[in-house]
Amino acid sequence: MLIRVRSKDGNFRLELQPTDDGSVLATKIIDTTIDADPKSVTMSNQPRGGELPLSLLNGRTVASLGLKHGDLLFIAYKPALSAPTSPVPTGAATLSGAAGVSSSSVPVVAGPVSKRPWELAQEDAVDTYWRQKDGKIPRSRDTQFCKHGPNGMCDYCMPLEPHDAKYHADHSIKHLSFHSYLRKVAPPKLGAQAGTSANMPPLEPLDYKVKVPCPSASHKPWPEGICTKCQPSAITLQSQPFRMVDHLEFASPAIIDRFLGGWRASGEQRFGWMVGRYEKYDEVPMGVKAVVEAVHEPPQEGDLDGLSLELPWEDEERIEKVARMCSKGGADDGMKIVGMIWTDLTTNTEDRSKSVCKRHADSYFLSSLETLFAAKVQNSHPAASRSSSTGVFSSRMVAAVLSGTPEGGIDVSAYMASEQACAMVEADMIEPSVDPGIVRVKEEAEGRYIPDVFYRFRNEYGLEVKQSAKPCFPVEYLLVTLTHGFPTVSTPAFLSTDFPIENRPGVENQDMPTMITELSKLKAPELRPEHRTDVSKVTKYLSDWHLVAFLGSTGVLDQADMLTFARVLTHPDVSDPNVLDPILKNEGWGTLMAIVRESGPAPARPSRPAPSADASDFPDIPPEAFDIPADGGGGGGGGSDEKTCPHCTFANPAGSADCEVCGLPLEG
């Protein structure tokens, strides 16, 4: 087989066998160079981007690299610092057929096989699921056009590809799902190469920064020099054809209601991180949905028209660790932060029961400041992908906004920043403007290179026009919209949302006394493992994300105890009387119950019942002696050593000034 090689030294043909080791290919590539530093030689299947060092070829055959007869490789390298000038090397024939002159070749030493970045990527479970499926859209037999029998198939009833344009248009699906997009840009290979992971990945993350150092090594690094090899190309903004997440689903309406409770109580805007997982979404071919099980609120300062928070937040690492412990149905991979949500609500002054609609087609849907914030968060949370040369591609962090509707209600809107938006934010090219619907392109400054930026739109005559995006352009070019909703049958992983929410000072207090009081009321210290008692009330109270996250900060439970608590309390079966047995057998639970016994309120002691007596039983005692007042005749208590509370009738010790149960004074 022939492999074509193109570098700054010319075009060459290399004769190889499919079974040859990759080191043979590397040696022949180095032989085509002039004064090349072997460690700097890189190869790619495209003129720019996706460069890989030759050391990754060791230990692999040419066939396993995905190379076929006639493939073209682009070679780049840096010249050696001190090496004699040599003529065109031998060992390879030029495209014109002329043989080169002999030169010394640099051997490539075979070593242990090093994995490439995309082979090290740990993809999400939903990605693994869709990679094992073909994603074809089944169709039933067409009664009008199909002329074959029930076991036959023709063009009118054969399954469609997941990226079929007509199917998406007929079902009003605006964006391709990520895996449908992968099937479109890189169709599955047939034959011996089907399913091999050694092929070059089809995706390359966008990068609008100047390459430092320059691949050509012909000038000083930026900003002292620049050329066409290292400068980014002109950018044309366009609608992203795919989206990483297709649907945002809240496991229960109570999640939204509890999050809104902070705004209802204080009137200040609130922000929270959505905790959940990614699952397949059947409404879109090869779709992915983000399922939200809880909203965790970080430290923040709210205001009537905005809020401020610090990133990264202090407790982020611990919360992510707790989320990974919470696995639904015993899955190996637990939950994670799947996005962020915030409120933008203003009460209508004319009708306090309604909200003002500020986001609509004539204003904006997501402001430029919010879009750039979403892009920054997405850049810090990339999605692992085996289809990208870097092992990561884009992000699955969803941005949700609670705002007013035209009818005066409150609704959720879900968005994501496009891949172009994330790359432009990473390159420090854009910034928000005073007008929330407009994004500004920054001006060039020392150390900042801004390429030409354009965007297309239809003018008043219906013609498509290309216009410069400098100095500003509409924010809609950087957005990807998502659908949202609730499940038909709600089965949330956490059964309760009653525990106070974190970081709501003055509104809700999340502390130990609150938890201890409630556990004492539910008689949690009386529970024993393997006893057929009703544990449903305690289970429902403990199965609360905010309570589980709070327990991890108390120091009562160690790492193993927290793992047990999180696993048992995530989607528990309340009908099982032994559902809490793993927790009840835990040392951490014993420690917690000891605290509850010592710090919890004292159990109410019943008053002594008055002895039942009848005048007929004692004929020698006059009947009027049995007419004793209900308060014992002394007005202070039921006996010489007790005082009965006039408010709740609890029998207190004689020396008490206040009631032990209700806390009110015993006198008066």
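Refer to the structure presented above.
Keep in mind it's a predicted model, so treat the numbers as computed, not measured.

Participant: So what about the overall build of the chain? Which residues, and what values?
Facilitator: In terms of regular secondary structure, the chain is built from 14 helices and 27 strands. Burial statistics for the chain: of 668 residues in total, 42% are counted as buried. When contacts within the chain are restricted to residue pairs at least 6 apart in sequence, those whose partners lie at least 24 apart make up 67%. For the chain, the exposed surface amounts to about 35000 Å²; the carbon and sulfur share of it is 52%.

Participant: Describe the sheet that holds strand β8 (residues 235-237), listing the residues and the values that go with them.
Facilitator: On the basis of which strands lie adjacent, the open sheet formed by three strands has the order β8-β22-β23 and mixed pairing. Pairing within the sheet leaves two strands with one partner each, and these edge strands are β8 and β23 (464-468). This sheet shows a mean twist of 30° between the axes of neighbouring strands, independent of strand direction. Where β8 meets strand β22 (residues 453-458), three bridges bridge the pair, whose relative direction is parallel. Within β22, the position partnered with Leu237 by the bridge is Tyr455.

Participant: I'd like a rundown of the environment of Val574, residues and numbers included.
Facilitator: Relative to the helices and strands, Val574 resides in the loop between α12 (559-569) and α13 (581-584). Overall, the relative accessible area of 31% leaves Val574 in the partly exposed class. Distance from Val574 to Lys537, taken between C-alpha atoms, is 8.5 Å for residues 37 residues apart in sequence. Residues contacting Val574, with those up to four places away along its chain left out, are Leu495, Ser536, Thr539 and Lys540.

Participant: So, helix α7 (residues 368-380): which residues are in play, and what are the values?
Facilitator: Here α7 contains 13 residues, and its C-alpha end-to-end distance of 19 Å stays within 8% of the 18 Å for a straight helix at 1.5 Å per residue. Taken as a whole, α7 has its buried residues at Ser368, Glu370, Thr371, Leu372, Ala374, Ala375, Val377 and Gln378.

Participant: Lay out unusual backbone geometry with the relevant residues and their values.
Facilitator: A cis amide bond, omega -5°, links Val212 with the succeeding residue Pro213. When you line up the elements, Pro213 lands in the loop between α4 (178-185) and β8. Across the junction of Leu311 and Pro312, the peptide omega takes the value -5°, indicating a cis bond. Among the secondary structure elements, Pro312 is positioned in the loop between β14 (307-309) and α6 (316-325). The phi torsion at Met286 lies on the positive side, around 55°, for a residue other than glycine.

Participant: Please give an account of the packing of helix α11 (residues 545-554) against α12 that cites residues and values.
Facilitator: It is the contact of α11 with α12, at a shortest axis distance of 11 Å, that shows an interaxial angle of 175°. Considered as vectors, α11 and α12 are oriented roughly antiparallel to each other. On α12, the residues that touch Val548, Leu551 and Gly552 of α11 are Met562, Phe565, Ala566 and Leu569. The residue makeup of the contact of α11 with α12, split by class, is six nonpolar, one polar and no charged.

Participant: Can you lay out the packing of aromatic side chains for me, pointing to particular residues and giving the numbers?
Facilitator: Taken as a whole and assessed by the stated rule, the structure comprises 18 aromatic pairs. Here the aromatic rings of Phe178 and Phe393 are separated by 6.0 Å at their centres, their planes lie at 25°, and the arrangement is stacked. Separated by 215 residues along the polypeptide, Phe178 in helix α4 and Phe393 in strand β17 (residues 392-395) bring together distant segments of the chain. Each member of the pair Phe178 and Phe393 is classed as buried. Feature note: the residues Phe271, Trp273, Trp313, Trp342 and Phe373 constitute an aromatic cluster, connected by ring pairs.

Rules and cut-offs
Residues numbered from 1 in each chain as written. Predicted model: local features only at pLDDT ≥ 70, side-chain atom pairs only at ≥ 80, totals over all residues. Heavy atoms only, no water. Helix = DSSP H or I, 4+ residues; strand = E, 2+ residues; numbered from the N terminus. Buried < 20%, exposed > 50% of the residue type's maximum accessible area, 1.4 Å probe, protein only. Contact = heavy atoms within 4.5 Å. Areas by Shrake-Rupley, 256 points an atom, 1.4 Å probe, with all protein chains shown as cover. Pairing = 2+ DSSP bridges. Axes fitted to C-alpha atoms, helices over the stretch in contact; angles between N-to-C directions. Expected span 1.5 Å × (residues − 1). Parallel < 35°, antiparallel > 145°, perpendicular 65-115°, else oblique. Nonpolar A, V, L, I, M, F, W, Y, C, P; charged D, E, K, R; others polar. Phe/Tyr/Trp six-rings, centres within 6.5 Å; stacked < 30°, edge-to-face > 60°.

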